[in-house]
There are 2 protein chains.
Amino acid sequence: MENINLFLEIIIAISVIGISFGIYLAKYVLSQKLPKGEAEEVSKAIQSGANAYLKRQFKTITPLVVVITIFLYITAPVKELALARSLAFVMGALFSSIIGTVGMNIATKANARVTQAANKGFKEAMVLAFRAGATTGMFTIGLGLLGATIIYSIFREKATEVLVGFGFGGSLLALFMRVGGGIYTKAADIGADLVGKVEKNIPEDDPRNAAVIADQVGDNVGDCAGMAADIFESYEVTLVAAMILGGITFGLPGVLFPLAVRALGIITSMIGILSVKPKGNTVSDGSRAIIKSFLISSIFSIAGFWYFSNSILHSSNPAIAATLGIVLAFVIFLLTDYATGNHAPVKNIAKQAQSGAATTILSGLVEGFSSTAWAIVVIGVTIIASFLIFNDPLEAAYGVALAGMGMLTTTGLIVSMDSFGPIADNAQGVAELAKMKGKILNILPKLDSIGNTTKATTKGFAIGSAVIAAVSLFESYMTDAGLSGINIATPYSFVGLLIGGAIPFLFSALSIKAVSESAYAVINEVRKQFKEIPGIMKGTTKPNYGKVVDLTTKAALSALATPAIIAITTPILVGLLLKAEGLGAFLAGSILSGQLLAVFMANAGGAWDNAKKMIEDGLYGGKGSDTHKAAVVGDTVGDPLKDTAGPAMNPLIKVINLVALLIAPIVKNQIHQTTTIIVSIILIITIITSLYRGYQKTL
Amino acid sequence: MENINLFLEIIIAISVIGISFGIYLAKYVLSQKLPKGEAEEVSKAIQSGANAYLKRQFKTITPLVVVITIFLYITAPVKELALARSLAFVMGALFSSIIGTVGMNIATKANARVTQAANKGFKEAMVLAFRAGATTGMFTIGLGLLGATIIYSIFREKATEVLVGFGFGGSLLALFMRVGGGIYTKAADIGADLVGKVEKNIPEDDPRNAAVIADQVGDNVGDCAGMAADIFESYEVTLVAAMILGGITFGLPGVLFPLAVRALGIITSMIGILSVKPKGNTVSDGSRAIIKSFLISSIFSIAGFWYFSNSILHSSNPAIAATLGIVLAFVIFLLTDYATGNHAPVKNIAKQAQSGAATTILSGLVEGFSSTAWAIVVIGVTIIASFLIFNDPLEAAYGVALAGMGMLTTTGLIVSMDSFGPIADNAQGVAELAKMKGKILNILPKLDSIGNTTKATTKGFAIGSAVIAAVSLFESYMTDAGLSGINIATPYSFVGLLIGGAIPFLFSALSIKAVSESAYAVINEVRKQFKEIPGIMKGTTKPNYGKVVDLTTKAALSALATPAIIAITTPILVGLLLKAEGLGAFLAGSILSGQLLAVFMANAGGAWDNAKKMIEDGLYGGKGSDTHKAAVVGDTVGDPLKDTAGPAMNPLIKVINLVALLIAPIVKNQIHQTTTIIVSIILIITIITSLYRGYQKTL
């Protein structure tokens, strides 16, 4: 027992080291020189916009968090853990908020500093931008491991219950950040482009455009805060699942191995982050440096898997399963890159753009649809392979969880890569808005281009890890609800499956609609400012950036309510009406269609985006040609798919599965008939009211 | 026993009456006056094109049918039924072919006659067109009931095995007709429009357009032959399922009730068909006449349900379940009409078209995505309600099957309504191509408009019935494979579920791609003819219509191979690799995502189509405005979704489930390991080769 305490203390120490490294990176970024004048002002405007968004978001969410905390306390199946579960929920929400807030603050403070660093050269700018992104990465893995280990240290065998609360807190925040941020970023983007580029014929990131700051803010709240919260959740959930299954199959060593793997991930992520140093000054040098760091970090991780696997569990099988997970991460990268990079699918879309917008859209649908099949085959092969490694069925479930663990060992680097995107993008924006001159105008677009690639490729990773996390939750639900299987041939289960499958479709519809509506509000405001303040166009008066930022914030957050209510209430309603088995089928349906839609939307959107870029680089007549116009339609359609609805699928399927897990004890011991009916009626009214409110807005 | 023989003889007699009524309708159509000259020529060209397509299609399919017949014979689990099952398969394929061939022949012979009847008036033209469509309707239900009853009469308790063969024969033909016809019709349509309307600025259905005959042929092979085969299959499958479940729960009376219901459907369809008589001369008079006939036929059917339910089964519960099915059919009509008719969703798309093609596409996606949720809730409520009527779980399964039976009681009318569409459309085409004059130019567009509505609304019915049919097959698979449930939490099942869900996405991608490629071939040929034969544009030389018809036929049929191979081989492969439970989950996944995609594609496509029509009728600037151009993009994107990929989902999920049912005995008693490996490798190579061939074509 003493040994275990020591072990857990070491794990806690390593997670603290991870957080400290994050703080070190943050200090490193802040110690860099900040350019004076215009650039500083622009950067401050972005910062205050981003903070205003987060502040209002937290204000909006707080009442809900309070209600759920109370709900969790009242409905706790094990009374003595009720308080702990509720507190863990608050802690999960808090940690997720801290990661988002700190990450975004560093990102928005880094952008101007990157423009300054670009004066020294490409390498310096790239290293700074990557380290700024890595702050978020290190906070994600450090806080994630710290929280889980502390809870485990206190509750040991009873930790599961409490860990689920912790995971749910993180999930709920992730849902809000992903969806709210996703709506915000695209509404501002579309609004800025449509009035600025299309109507007024002024370039992107032109300071005369009132939506230009909101656009920059959007990059941060969408890609940086949303993505980090999303992956934080998968990171947490797979750890919890592996610990539970490990405990059942191998006893204590089975619990310690996953913790060791996570601690290992912190060390190897640090190594990876520090090794990002481009060899030359081209875009491919930059990309290669990132891939190299990913490979270095992976090799160290794999070596660690084998060491811990043999020393803790006296078998190589767990190491094989975890290694498979890393291989999966890598293959998903390649597949995402194939679907959205300069390969056959994107080339095909660009070619089809020659015959107009309709064929552009159709070819994008074709490529997006087909890409789902490949993603699924790869995930399927990994699950079955890690299952086959072990002979015993229960050990095999542990194997699948370990594959998820292995995949998420690279979380630190993945989040860093993703956060690097908006920083590079913003640096470019700041330079243009502040009308900076010199060689940086050559360097910053290269960073932006690298960031676009990393943002696109990490999307596949986020989806894959969300699916594995959701599967883990689903397995836990089956255990907690006392189900040994689901007979989909019974009407309740079959209907549950159907309804579960429809939820991601409904959720996507709602979030795409929210983007259009919010964008519409932005467009009207920007138009109004141009009209009412003639000095803006001449460049003599500054537009009121703050007003657009404020308006986008309000629009995005008010559009959030309906989808969030649906995600939380439908599993409860289905559980009450269709019982435990029906709810299980509902979960399976939601994971299935959520995953398919997520891959479809991310890849179709990414491919349209790149097809447009290919044409802008001179293919088929280049910018301004009819082919380009058709490609722009594709890109505009793809934008809310890949940046709002697609990424929203990840937290959606995780929240649905977590809610089911939380109500599993209630569903299992069907509560009193009358109570069921009353609660169901209340839920149905809530859902219909919120859908109707959303519907009314569109008329 | 004697009583039963008499009963079966009466059922056979009624099915023969149904077929005879079909023949009577055909004769009635052929007895109508055929206009001479140009119109006759055009009509003959359409006929010969349509027959050429069918002929080549049957030639293409025959080898496959032979191979499968032999396969079915060899793999039969009950040796003494091996020959019967194989023969039933051939009979199913043959019946499906007969329905398609006869229906299409009457349809293509009716078009010119309808133009002639229009000289007398709107009512006369409408009645003739509807009766021509009803020929297909009566053949569908007459042959369907005849085949099933004959098989049951011969084999009695052992009939199941043989009936599955019969159903599979029909299914396979339906798959080919639906997909091949769907590709054909859209390739010709897009090809004709792009060169004619867009490039050459000549009107639709202009005789100078070389693709114009192919376009007319396409309407027939797509909507008439494809739809009839599709619904024939659902009609067959639900009957077989109800008979099996009825036998288990209520003994012989449980078998006889479904047969009585089907026979009832033949009589009430005849009443419905004869009652179609519009009261006035407007579009809404025509639509009202069709709805009225549907209601009359439904009321008679419901009355019959209650009579047979109480006299055969001495209970009203079966009647309630069957009535629920009719109500479901009606609610699905309303939902489809809401999603694709002149209501909020379509109005919203038209409104969004004002800001360009991108917002048109996005709003169509939003409306299509949300419509899936409602369709699923309605199907879910029906399934659960018909389940709750009975107390015993097994009886309840019978209740669900009876709901399907009730829904499909209206098959005769539904197929008539659907076939009415291409006939009305073609009549309008013939009149334009033959440059006919007079009052018919006022009447025919009205018929066309009514046909468009019936075509759109019957799509929802086809999807709903396909889902219910697939669920019945799925339940039979569970029984045959000896599964009491599927534990989706095991890796094999979970991976099966994921792969099953991806198949409809892959299949949709392939069929949309096939349309683009075939359309491309058509476009090139039409352009070439315009260029090489200058007389065409002047109107002095006729274009070579036959060449385009031939080319479209070849293109559509060659594009069919890959999706067909995937539909047949993946369930076998999954069954071998993932075992019985994995295959069960695969089926559930394919039904789920197939249904979601089918509703999404049908409704989004229908809504874009109608939004465009609304604008053409003068909304937001009317024809030629920028808003109209944006709406045209939406319509073009929607076309292959609603007419090719969407409808293909129905036979796809049914074929997948039937193949699984056929290999259930093999999967259950896992065959020798080595054989499994060899067969799996062969299947994987087949799938990859066919996908690769499809892929190469696009480069």
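Parameters and conventions
- Residues numbered from 1 in each chain as written.
- Chains lettered and ligands numbered in written order.
- Predicted model: local features only at pLDDT ≥ 70, side-chain atom pairs only at ≥ 80, totals over all residues.
- Heavy atoms only, no water.
- Helix = DSSP H or I, 4+ residues; strand = E, 2+ residues; numbered from the N terminus.
- Rg over C-alpha atoms; globule rule 2.2 N^0.38 Å.
- Buried < 20%, exposed > 50% of the residue type's maximum accessible area, 1.4 Å probe, protein only.
- Areas by Shrake-Rupley, 256 points an atom, 1.4 Å probe, with all protein chains shown as cover.
- Lys, Arg positive; Asp, Glu negative; His and termini not counted.
- Charge placed at Lys NZ, Arg CZ, Asp CG, Glu CD.
- Least-squares fit on C-alpha atoms with pLDDT ≥ 70 in both.
- Contact = heavy atoms within 4.5 Å.
- Buried area = accessible area lost by both parts, 1.4 Å probe.
- Salt bridge = Lys/Arg side-chain N within 4 Å of Asp/Glu carboxyl O.
- Polar contact = N/O pair within 3.5 Å; in protein donor to acceptor, adjacent residues only side chain to side chain.
- pLDDT = per-residue confidence, 0-100.
- Axes fitted to C-alpha atoms, helices over the stretch in contact; angles between N-to-C directions.
- Parallel < 35°, antiparallel > 145°, perpendicular 65-115°, else oblique.
- Left-handed = near helix turned anticlockwise from the far one by under 90°.
- Phe/Tyr/Trp six-rings, centres within 6.5 Å; stacked < 30°, edge-to-face > 60°.
- Lys NZ or Arg CZ within 6 Å of the ring centre and 35° of its normal.
- Expected span 1.5 Å × (residues − 1).
- Core = buried A, V, L, I, M, F, W, Y, C linked by side-chain atoms within 4.5 Å.
- Patch = residues over 30% accessible without salt bridge, like charges linked within 9 Å, V, L, I, M, F, W, Y side chains within 5 Å.

## Comments concerning the overall build of chain A
Point 1. What chain A contains, in helices and strands, is 19 helices and zero strands.
Point 2. Radius of gyration (C-alpha) of chain A: 24 Å, near the 27 Å computed for a compact globule of 699 residues.
Point 3. With respect to the principal axes defined by its C-alpha atoms, chain A has extents near 70 × 55 × 45 Å.
Point 4. Relative to its full complement of 699 residues, chain A shows a buried share of 67%.
Point 5. Of the roughly 22,400 Å² that chain A leaves accessible, carbon and sulfur atoms contribute 65%.
Point 6. Mean positive and mean negative side-chain charge positions of chain A (52 and 44 charges, respectively) differ by 6 Å.

## Notes on the relation of the copies chain A and chain B
Between the two chain copies there is a screw-like relation: a rotation about an axis and a shift along it.
Point 1. With an RMSD of 0.0 Å, the fit of chain A onto chain B corresponds to turning through 180 degrees and sliding 0.0 Å along the axis. In short, the pair behaves as if placed about a two-fold rotation axis. Closest to the rotation axis within chain A is the C-alpha of Ile 486 of chain A, separated from it by 2.6 Å.
Point 2. Both copies share a contact surface, since 100% of the interface residues of chain A are interface residues in chain B too.

## Things to note about the interface of chain A and chain B
Frequently, the measure chosen for interface size is the accessible area removed from exposure when the parts meet.
Point 1. On the chain B side, the residues contacting the 66 residues of chain A number 66 residues.
Point 2. The junction of chain A with chain B conceals about 5,900 Å² of combined surface from both sides, 85% of it contributed by carbon and sulfur atoms.
Point 3. Taken together, the links from chain A to chain B amount to zero salt bridges.
Point 4. Viewed at the interface, chain B and chain A are joined by one residue pair in polar contact (both at pLDDT 80 or more).
Point 5. The set of elements that each furnish at least two residues to the side of chain A that touches chain B consists of helix H10 (344-352), helix H11 (357-389), helix H14 (440-480), helix H15 (491-532), helix H17 (545-616), helix H18 (626-668) and helix H19 (673-698) of chain A.
Point 6. Top element by residues in the side of chain A that touches chain B is H11 of chain A. It accounts for 18 residues.

## Comments concerning the environment of Asn 310 of chain B
Point 1. Along the chain, Asn 310 of chain B turns up in helix H8 (residues 283-312).
Point 2. Apart from residues lying up to four places away in sequence, Asn 310 of chain B is in contact with Ser 315 and Ser 316 of chain B.

## Remarks on the confidence of the model for chain A
Detail in the predicted coordinates should be disregarded across regions flagged by low pLDDT.
Residues and elements named next belong to chain A.
Point 1. The pLDDT averaged across chain A works out to 87; a share of 98% of its residues lies at or above 70.
Point 2. Confidence scores differ between elements of chain A, with H19 showing the lowest mean pLDDT of 69 and helix H7 (residues 252-274) the highest of 94.
Point 3. This prediction of the complex comes with two scores: 0.92 for pTM and 0.90 for ipTM.

## Some remarks on the side chain of Asn 209 of chain A
Residue and element names in this part refer to chain A.
Point 1. With respect to the element layout, Asn 209 can be found in the loop between helix H5 (159-199) and helix H6 (212-250).
Point 2. In this structure Asn 209 comes out as buried when scored by relative accessible area, which is 4%.
Point 3. Each residue touching Asn 209, except ones within four places of it in the same chain, is listed here: Ala 192, Gly 196, Ile 202, Val 526, Phe 530, Pro 543 and Tyr 545.

## Digging into the packing of H11 of chain A against H18 of chain A
Between two packed helices, both the angle of their axes relative to each other and the distance between the axes serve to describe the pair.
Residue and element names in this part refer to chain A.
Point 1. Between H11 and H18, whose axes approach to 8 Å, the crossing angle comes to 45 degrees. Classified by the angle their axes make, H11 and H18 are oblique. Along this stretch, H11 crosses H18, giving a crossing that reads as right-handed. Residues Ala 357, Thr 360 and Ile 361 of H11 touch H18, and the partners they reach there are Ala 630, Ala 631, Val 633, Gly 634 and Val 637.

## Remarks on the packing of aromatic side chains
Point 1. Scanning all chains against the criterion turns up 26 aromatic pairs over all chains.
Point 2. Between Tyr 307 of chain B and Phe 308 of chain B the ring centres are 5.4 Å apart and the planes differ by 65 degrees, which places this aromatic pair in the edge-to-face class.
Point 3. Judged by relative accessible area, which is 55%, Tyr 307 of chain B ranks as exposed.
Point 4. Every member of this aromatic cluster is reached through a ring pair, and the members are Phe 95, Phe 166 and Phe 232 of chain A.
Point 5. Above the ring of Phe 122 of chain A, the side-chain terminus of Lys 446 of chain A is found at 5.5 Å from the ring centroid.
Point 6. Looking at Lys 200 of chain B, its charged tip hangs above the ring of Phe 530 of chain B, at a distance of 5.0 Å from the centre.

## Notes on unusual backbone geometry
Residue and element names in this part refer to chain B.
Point 1. Not every positive phi belongs to a glycine, and His 314 is a case in point at roughly 50 degrees.
Point 2. As for its position among the elements, His 314 is in the loop between H8 and helix H9 (317-340).
Point 3. Despite not being glycine, Lys 435 shows a phi value in the positive range, around 45 degrees.
Point 4. Assignment of secondary structure puts Lys 435 in the loop between helix H13 (411-433) and helix H14 (440-480).

## Focus: helix H13 (residues 411-433) of chain A
Owing to its 3.6 residues per turn, the α-helix brings residues three or four apart onto one side.
All names here are of chain A.
Point 1. Relative to the 33 Å expected for 23 residues at 1.5 Å per residue, H13 spans 33 Å between its end C-alpha atoms, a close match to the ideal helical length.
Point 2. By the criterion of burial, H13 is predominantly enclosed, with 22 of the 23 residues buried.
Point 3. Two residues or fewer past H13, Lys 435 is found with a positive phi of approximately 50 degrees.

## Details of the side chain of Ser 293 of chain B
Residues and elements named next belong to chain B.
Point 1. Within the fold, Ser 293 resides in helix H8.
Point 2. On the accessibility criterion, Ser 293 (1% relative accessible area) is buried.
Point 3. Discounting residues that sit within four places of it in the chain, Ser 293 has contacts with Gly 272, Ser 275, Val 276 and Leu 413.

## Quick word on the pattern of salt bridges
Residues and elements named next belong to chain A.
Point 1. This structure, assessed with the given rule, holds 46 salt bridges over all chains.
Point 2. Linking Glu 41 and Lys 542 is a salt bridge whose minimum nitrogen-to-oxygen distance equals 3.3 Å. Of this pair, Glu 41 sits in helix H2 (residues 38-75) while Lys 542 sits in the loop between helix H16 (535-538) and H17, and the two are 501 residues apart along the sequence.
Point 3. Residue class for Glu 41 comes out partly exposed when judged on its relative accessible area of 48%.
Point 4. Each of Lys 186, Asp 189, Lys 459, Asp 609, Lys 613, Asp 639, Lys 642 and Asp 643 takes part in salt bridges that share partners, so that together they form one network.

## Focus on the nonpolar core
Point 1. Phe 168 and Tyr 477 of chain A together with Phe 168 and Tyr 477 of chain B are the most contacted members of the largest nonpolar core, which totals 531 residues.
Point 2. Filtering out sequence-adjacent residues up to four positions away, Tyr 477 of chain B remains in contact with Leu 483, Ala 580, Leu 583, Gly 584, Leu 587, Ala 660, Leu 661, Ala 664 and Val 667 of chain B.

## Some words on the environment of Lys 123 of chain A
Residues and elements named next belong to chain A.
Point 1. Its location among the elements puts Lys 123 in helix H4 (residues 122-155).
Point 2. Residue class for Lys 123 comes out partly exposed when judged on its relative accessible area of 35%.
Point 3. The spacing of Lys 123 and Leu 510 is 387 residues in sequence and 42 Å in space, taken between C-alpha atoms.
Point 4. Lys 123 has contacts with Pro 278, Lys 279, Gly 280 and Asn 281, leaving out every residue within four places of it along the chain.

## Some words on the environment of Asp 215 of chain A
Residue and element names in this part refer to chain A.
Point 1. Along the chain, the position of Asp 215 falls in helix H6.
Point 2. The buried category is assigned to Asp 215, whose relative accessible area is 5%.
Point 3. Ignoring anything within four residues of it in the chain, the contact list for Asp 215 reads Ala 188, Asp 189, Ala 192 and Asp 205.

## Section: a nonpolar patch on the surface
Residue and element names in this part refer to chain A.
Point 1. Taken together, Val 66, Ile 70, Tyr 73, Ile 74, Leu 83 and Leu 87 make up a surface patch of nonpolar side chains, about 600 Å² in accessible area.
Point 2. Of all the secondary-structure elements, those providing two or more residues to the nonpolar patch are H2 and helix H3 (82-118).
Point 3. In terms of residue count, H2 provides more of the nonpolar patch than any other element does, four residues in total.
Point 4. Inspection of the secondary structure puts Ile 74 in helix H2.
Point 5. Overall, the relative accessible area of 57% leaves Ile 74 in the exposed class.

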